[in-house]
Amino acid sequence: MANPGKNKTLRYLRVFCDGANLSGDARAVGTLKNSCDAVELTGWGESIKNSTWGWRTIGVDGFAALINDTAVSGALTVMQDSGIDVVTFAFGGGDEPETGDPAYLMGTTQLQDMVGWDGQAGNVTANFDSLDEASNPIGVVLSPATSVSATTNCDSVDNGASSAYGWAANLHVIASDGGTWAFTIEHSSTGAFAGEEATLATFAADGSAIASERQTGTGTVEEYLRAVLTRTSGTVTAVIALSRNTAA
Amino acid sequence: MAGKNKVERYFRISFDDSSGNPRDLSADLVPGSVKAGGVVWDSVDMLGVSDSVRHSLWGWGSSPVEAKFFLNDTATTGAHTVLKSAPYAGTLTAQWGGGAAPTTGDPEWEGEYVLLAADISFDGGRAVINAKFEPYGSTPPAWGTVS
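Residues numbered from 1 in each chain as written. Chains lettered and ligands numbered in written order. Predicted model: local features only at pLDDT ≥ 70, side-chain atom pairs only at ≥ 80, totals over all residues. Heavy atoms only, no water.

**Describing unusual backbone geometry**
Part 1 of the reasoning: Omega for the bond connecting alanine 86 of chain B with proline 87 of chain B falls within 30 degrees of zero, at 5 degrees, which places this linkage in the cis form.
Part 2 of the reasoning: Its place among the elements puts proline 87 of chain B in the loop between helix H1 (79-83) and strand S6 (88-98).
Part 3 of the reasoning: The backbone of valine 72 of chain A sits at a positive phi, close to 75 degrees, despite the residue not being glycine.
Part 4 of the reasoning: Relative to the helices and strands, valine 72 of chain A is located in the loop between strand S5 (51-66) and helix H1 (75-79).
Part 5 of the reasoning: Of the residues examined, valine 72 of chain A reaches a relative accessible area of 55% and is grouped as exposed.
Part 6 of the reasoning: Residue serine 82 of chain A is not a glycine yet carries a positive backbone phi of 50 degrees. (Helix = DSSP H or I, 4+ residues; strand = E, 2+ residues; numbered from the N terminus. Buried < 20%, exposed > 50% of the residue type's maximum accessible area, 1.4 Å probe, protein only.)

**Describing the confidence of the model for chain B**
Part 1 of the reasoning: When pLDDT is averaged along chain B, the result is 96, and 100% of the positions lie at 70 or above.
Part 2 of the reasoning: Taken over the whole predicted complex, pTM reads 0.93, whereas the ipTM for its chain interfaces reads 0.89. (pLDDT = per-residue confidence, 0-100.)

**Let's talk about the nonpolar core**
Part 1 of the reasoning: Ranked by size, the top nonpolar core spans 53 residues in total, and within it Phe89 and Tyr104 of chain A together with Leu83 of chain B carry the most contacts.
Part 2 of the reasoning: The contacts of tyrosine 104 of chain A, once residues within four sequence positions are left out, are Leu32, Lys33, Ile58, Gly59, Val60, Val87, Thr88, Phe89, Phe91, Pro137 and Ile138 of chain A together with Ile120 of chain B.
Part 3 of the reasoning: Residues Val173, Leu200, Val221 and Ile240 of chain A belong to the second largest nonpolar core, which totals 24 residues. (Core = buried A, V, L, I, M, F, W, Y, C linked by side-chain atoms within 4.5 Å. Contact = heavy atoms within 4.5 Å.)

**Side note on the side chain of asparagine 7 of chain A**
Residues and elements named next belong to chain A.
Part 1 of the reasoning: By the element assignment, asparagine 7 lies in the segment before strand S1 (8-17).
Part 2 of the reasoning: Within the local environment of asparagine 7, its side chain forms a polar contact with the side chain of lysine 8, the two groups lying 2.5 Å apart.
Part 3 of the reasoning: Excluding its chain neighbours within four sequence positions, the residues that come into contact with asparagine 7 are Gly92, Gly93 and Gly94. (Polar contact = N/O pair within 3.5 Å; in protein donor to acceptor, adjacent residues only side chain to side chain.)

**Description of the interface of chain B and chain A**
Size of an interface, as often reported, equals the accessible area lost when the parts are brought together.
Part 1 of the reasoning: Opposite the 39 residues of chain B that make contact, chain A presents 39 residues.
Part 2 of the reasoning: Carbon and sulfur atoms supply 61% of the area that chain B and chain A bury against each other, a total of about 3,000 Å² over both sides.
Part 3 of the reasoning: Three residues, Trp60, Leu116 and Phe122 of chain B, lead the burial of chain B against chain A; their summed loss comes to 21% of the area buried on that side.
Part 4 of the reasoning: Here chain B is connected to chain A by two salt bridges.
Part 5 of the reasoning: The closest approach of N and O atoms between lysine 49 of chain A and aspartate 42 of chain B, which form a salt bridge, is 2.9 Å.
Part 6 of the reasoning: Counting across the chain B and chain A interface gives 16 residue pairs in polar contact (both at pLDDT 80 or more).
Part 7 of the reasoning: Elements represented by at least two residues in the side of chain B that touches chain A include exactly strand S3 (40-45), strand S4 (56-62), S6, strand S7 (107-123) and strand S8 (126-135) of chain B.
Part 8 of the reasoning: Ranked by residue count, the leading element in the side of chain B that touches chain A is S7 of chain B, at eight residues.
Part 9 of the reasoning: Tallied by class, the residues present in the side of chain B that touches chain A amount to 21 nonpolar, eleven polar and seven charged.
Part 10 of the reasoning: In this sheet, S7 of chain B lies alongside strand S4 (residues 32-40) of chain A in antiparallel orientation, the contact comprising two bridges. By the bridge assignment for S7 of chain B, leucine 32 of chain A is matched with isoleucine 120 of chain B. (Buried area = accessible area lost by both parts, 1.4 Å probe. Salt bridge = Lys/Arg side-chain N within 4 Å of Asp/Glu carboxyl O. Nonpolar A, V, L, I, M, F, W, Y, C, P; charged D, E, K, R; others polar. Pairing = 2+ DSSP bridges.)

**Considering the pattern of salt bridges**
Part 1 of the reasoning: Following the criterion strictly, the structure yields twelve salt bridges over all chains and no others.
Part 2 of the reasoning: Through salt bridges with shared partners, a single network forms among Glu186, Glu197 and Arg226 of chain A.

**Concerning the packing of aromatic side chains**
Part 1 of the reasoning: This structure, assessed with the given rule, holds nine aromatic pairs over all chains.
Part 2 of the reasoning: With a centroid separation of 6.3 Å and an interplanar angle of 35 degrees, the aromatic rings of phenylalanine 63 of chain A and phenylalanine 128 of chain A are classed as tilted. Placement of phenylalanine 63 of chain A in strand S5 and of phenylalanine 128 of chain A in strand S9 (residues 121-130) is noted, with a sequence separation of 65 residues between them. Of the two residues, phenylalanine 63 of chain A and phenylalanine 128 of chain A, neither departs from the other in class, the shared state being buried.
Part 3 of the reasoning: Grouped by ring-pair contacts, the aromatic residues Phe11, Trp96, Trp109 and Trp143 of chain B constitute a single cluster. (Phe/Tyr/Trp six-rings, centres within 6.5 Å; stacked < 30°, edge-to-face > 60°.)

**Quick look at the pairing of strand S18 (residues 224-231) of chain A**
Residue and element names in this part refer to chain A.
Part 1 of the reasoning: Across the eight residues that make up S18, a large majority, six, are buried.
Part 2 of the reasoning: Two elements, strand S12 (residues 152-153) and S18, share two bridges in a ladder whose sense is antiparallel. Residue pairing in the sheet places threonine 152 in a bridge with leucine 229 of S18.
Part 3 of the reasoning: Strand direction decides the pairing type here: strand S13 (residues 157-158) and S18, joined by two bridges, are antiparallel. Its bridge partner being in S18, aspartate 158 is matched across the sheet by tyrosine 224.
Part 4 of the reasoning: Bridge analysis of strand S15 (residues 181-188) against S18 gives eight bridges, and the strand direction is antiparallel. Bridge pairing in S18 places serine 188 opposite tyrosine 224.

**What to know about the environment of serine 52 of chain B**
Residues and elements named next belong to chain B.
Part 1 of the reasoning: Summarising the element assignment, serine 52 is placed in the loop between S3 and S4.
Part 2 of the reasoning: Residue serine 52 is classed as exposed on the basis of its relative accessible area, which comes to 74%.
Part 3 of the reasoning: When the C-alpha atoms of serine 52 and glycine 125 are compared, they prove to be 53 Å apart, with 73 residues separating the residues in sequence.

**Looking at the side chain of lysine 8 of chain A**
Part 1 of the reasoning: Here lysine 8 of chain A shows up in strand S1.
Part 2 of the reasoning: Sequence-distant contacts of lysine 8 of chain A, that is, excluding residues within four places in its chain, are made with Asn3, Phe91, Gly92, Gly93, Asp101 and Pro102 of chain A together with Leu71, Asp73, Gly125, Arg126 and Ala127 of chain B.

**Section: the environment of threonine 230 of chain A**
Part 1 of the reasoning: Position of threonine 230 of chain A among the secondary structure elements: in strand S18.
Part 2 of the reasoning: Not counting the four nearest positions on each side in its chain, threonine 230 of chain A is found in contact with Thr151, Thr180, Trp181 and Ala182 of chain A.

**Details of a nonpolar patch on the surface**
All names here are of chain B.
Part 1 of the reasoning: There is a patch of nonpolar side chains on the surface, built from Trp41, Val44, Met46, Leu57 and Trp58 and spanning about 550 Å² of accessible area.
Part 2 of the reasoning: Listing elements by their share of the nonpolar patch, those giving two or more residues are S3 and S4.
Part 3 of the reasoning: Structurally, leucine 57 is set in strand S4.
Part 4 of the reasoning: For leucine 57, a relative accessible area of 44% translates into the label partly exposed. (Patch = residues over 30% accessible without salt bridge, like charges linked within 9 Å, V, L, I, M, F, W, Y side chains within 5 Å. Areas by Shrake-Rupley, 256 points an atom, 1.4 Å probe, with all protein chains shown as cover.)

Quick look at the structure:
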């Protein structure tokens, strides 16, 4: 379970791009953007300029990883051709990210795959812009990068008061032996998950291959969340994160 | 205590969470990162061609606040927990203690601000939130004292 606190360091930042964990090749990241334009509303009769918020900017600048051409999982293999669609950054608290740890997630258009040198090491750099209308990239890890071989109800997460503005969720299947799985997210107003819960999201990916998927939805998200990995066969590693949209 | 004794160690900053509850964020404030308090007035150039010395009048004032906070996800009070709901408006209060934590009579800058940005970056290996605030509404922030 997550270890909340003032303990989030670069050492335990993990990044999942489509169906790959690129953390072993990752070298640097710039800003994970979450800001709104300042729209100035100052009138002549006012002394101090005052503002409200305009459009939001979501995206990641300057993600750099080593040139690794290992098939399927190497950073160059994943990042070349600027084809990444689903990105999740997970912040571990003094350890590998766990269920409940903060996450920054987005559906993205990868804007570049420039190659250069970092201390004589070849690296590839990407910028990610937001692809969809989900209004908030700040979320929470619901299923960490842990291999499972049985149906798993991940730990329940108290994600704060219920909200009414919809949600977005990312799935990264980063390891699979070809078995079949179902991936869902449930929510509950009590956190009991004793039959009162409802399904919030159902991913189409079945875990039989490396994959990624982003789902979005409207309406209410209850206070408590959990991911459920339902096994038909095999072993899988599936990272799931969710963010709640905000009113603005 | 009044005097030439206002040091960063005894600076405190709080901002409302998205439900309007004031939250002291000082324990998560990265040292040296905060810019808060006071106004910068636009300089409106009044120079005429035949004047010899440039001179100005004041225009509108600006009073942005910037600060970096640790990405602390402690429930209710951690800076990440408080600020992740950006954008929203609330009361921002900055206080300067004189040789001790701020107490009655110490300088205070307070007003309604909108949290426009909560970008995340890494500073010295630490995950930090780069918060940017601008004054919000027609009542300007102002100097006062801790009550």
